[in-house]
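These are the residues of each chain, in order.
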Amino acid sequence: MLDLLLIGCHSLPDETGRIGRVLREYGMETGGIPFVSSQDTRMVTELIEHRTAMAGYRVECLLHFCEEKTHLNALLSQGVRYAAMTTRYFRNVYELHDIMQYLRRADPRIRIVVGGGFFRSAASKLEPGERRRLLELLGADYYLFHDDCAPLVRSIVEARFDVQRLAQIPHLIWRETETGPYRSSAAVEGNRALNFAPLA
């Protein structure tokens, strides 16, 4: 059983995929992922920070959801307690939704964490009511409105389902059950930059 599965992004950038196809035509495979872009290098650095923050737990990383489905399915077959998508390398919320639906179909018990630079930026541009609808549409169990999520993800895993401990995690909105209402920590409610309406 994995404690945490980290997913870096939905798929390879279009340009990276094009270069990868050219490399394959010339017989230059590079071990599963055909080409490592500068984005991949930055993403790997971010995922390593997450792994370091999760020392003592069983953690696996997946760079590209679409390109590594076989590896993903093998990891899911072991059982996964938490899955997190907290890097900045998503292009739109539909990519997050696609991954989350896949994980839910594979195992509804997986607790899903969403956050990081892309999500914080996208959500902060919406009016409070629209943000609430976004959270409900995506359906994650935990949302982190912060760029540096590595230590916060560890806090979520350590808190398990302890409401009092979850309420102390800054920048967090969560729900206790899959259909339950979202709750927010005091840090989110007081964050003027987000202007996020407290959720009941």
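As the structure is a computational prediction, the values presented were derived from the model and not from experiment.

Engineer: For this particular structure, what's the right way to read the pairing of strand β1 (residues 2-9)?
Structural biologist: If a strand is regular, its side chains alternate between the two faces of the sheet. The buried fraction of β1 amounts to 8 of the 8 residues, a majority that puts the element mostly inside the structure. Sheet topology places β1 next to strand β3 (residues 80-85); 4 bridges connect them, and they run parallel. Bridge pairing in β3 places Leu-4 opposite Tyr-82. Two strands pair when backbone bridges link them, and β1 and strand β2 (residues 59-64) are joined in this way by 5 bridges, in the parallel orientation. Its bridge partner being in β2, Leu-5 is matched across the sheet by Glu-60.

Engineer: Even after reading the chapter, I still don't get the confidence of the model for the protein, so can you show me in this structure?
Structural biologist: Keep in mind that low pLDDT regions are not for reading the predicted coordinates in detail. Averaged over all residues, the pLDDT of the protein equals 78, while 76% of them reach at least 70. When mean pLDDT is taken per element in the protein, β3 scores highest with 95 and helix α1 (residues 14-25) scores lowest with 47. Confidence over residues 26-36 falls short of pLDDT 50; this stretch has 18 contacts with residues more than four positions distant or in other chains. Every residue in residues 189-200 scores below 50 in pLDDT, and together they form 27 contacts with partners more than four places removed in sequence or on other chains.

Engineer: Help me understand the packing of aromatic side chains in this model?
Structural biologist: All chains considered together, the criterion is met by 5 aromatic pairs. Seen in terms of ring centroids, Phe-119 and Tyr-143 are 5.2 Å apart; in terms of plane orientation they differ by 15 degrees. Their pairing is stacked. Of this pair, Phe-119 sits in helix α5 (residues 116-124) while Tyr-143 sits in strand β5 (residues 142-144), placing them 24 residues apart in sequence. Judged by relative accessible area, Tyr-143 falls into the buried class, the value being 0%. Seen from their ring centres, Phe-119 and Phe-145 are 5.2 Å apart, and the 50 degrees between their planes marks the pair as tilted. Highlighted residues: Phe-119 in helix α5 and Phe-145 in the loop between β5 and α7 (150-159), separated in sequence by 26 residues. As far as burial versus exposure is concerned, Phe-119 and Phe-145 are alike and both buried. Taken together, the ring pairs connect Phe-119, Tyr-143, Phe-145 and Tyr-182 into an aromatic cluster.

Engineer: Would you mind going over the nonpolar core with me for this structure?
Structural biologist: Soluble globular proteins tend to bury their nonpolar side chains together. Counting 32 residues, the largest nonpolar core has Met-85, Val-114, Phe-119 and Tyr-143 as its most contacted members. Among the elements that make up this core, the one with the highest residue count is helix α4 (residues 93-106) (6 residues). Ignoring anything within four residues of it in the chain, the contact list for Val-114 reads Met-85, Thr-86, Leu-96, Met-100, Phe-119, Ala-140, Tyr-142, Tyr-143 and Leu-144.

Cut-off values and rules
- Residues numbered from 1 in each chain as written.
- Predicted model: local features only at pLDDT ≥ 70, side-chain atom pairs only at ≥ 80, totals over all residues.
- Heavy atoms only, no water.
- Buried < 20%, exposed > 50% of the residue type's maximum accessible area, 1.4 Å probe, protein only.
- Helix = DSSP H or I, 4+ residues; strand = E, 2+ residues; numbered from the N terminus.
- Pairing = 2+ DSSP bridges.
- pLDDT = per-residue confidence, 0-100.
- Contact = heavy atoms within 4.5 Å.
- Phe/Tyr/Trp six-rings, centres within 6.5 Å; stacked < 30°, edge-to-face > 60°.
- Core = buried A, V, L, I, M, F, W, Y, C linked by side-chain atoms within 4.5 Å.

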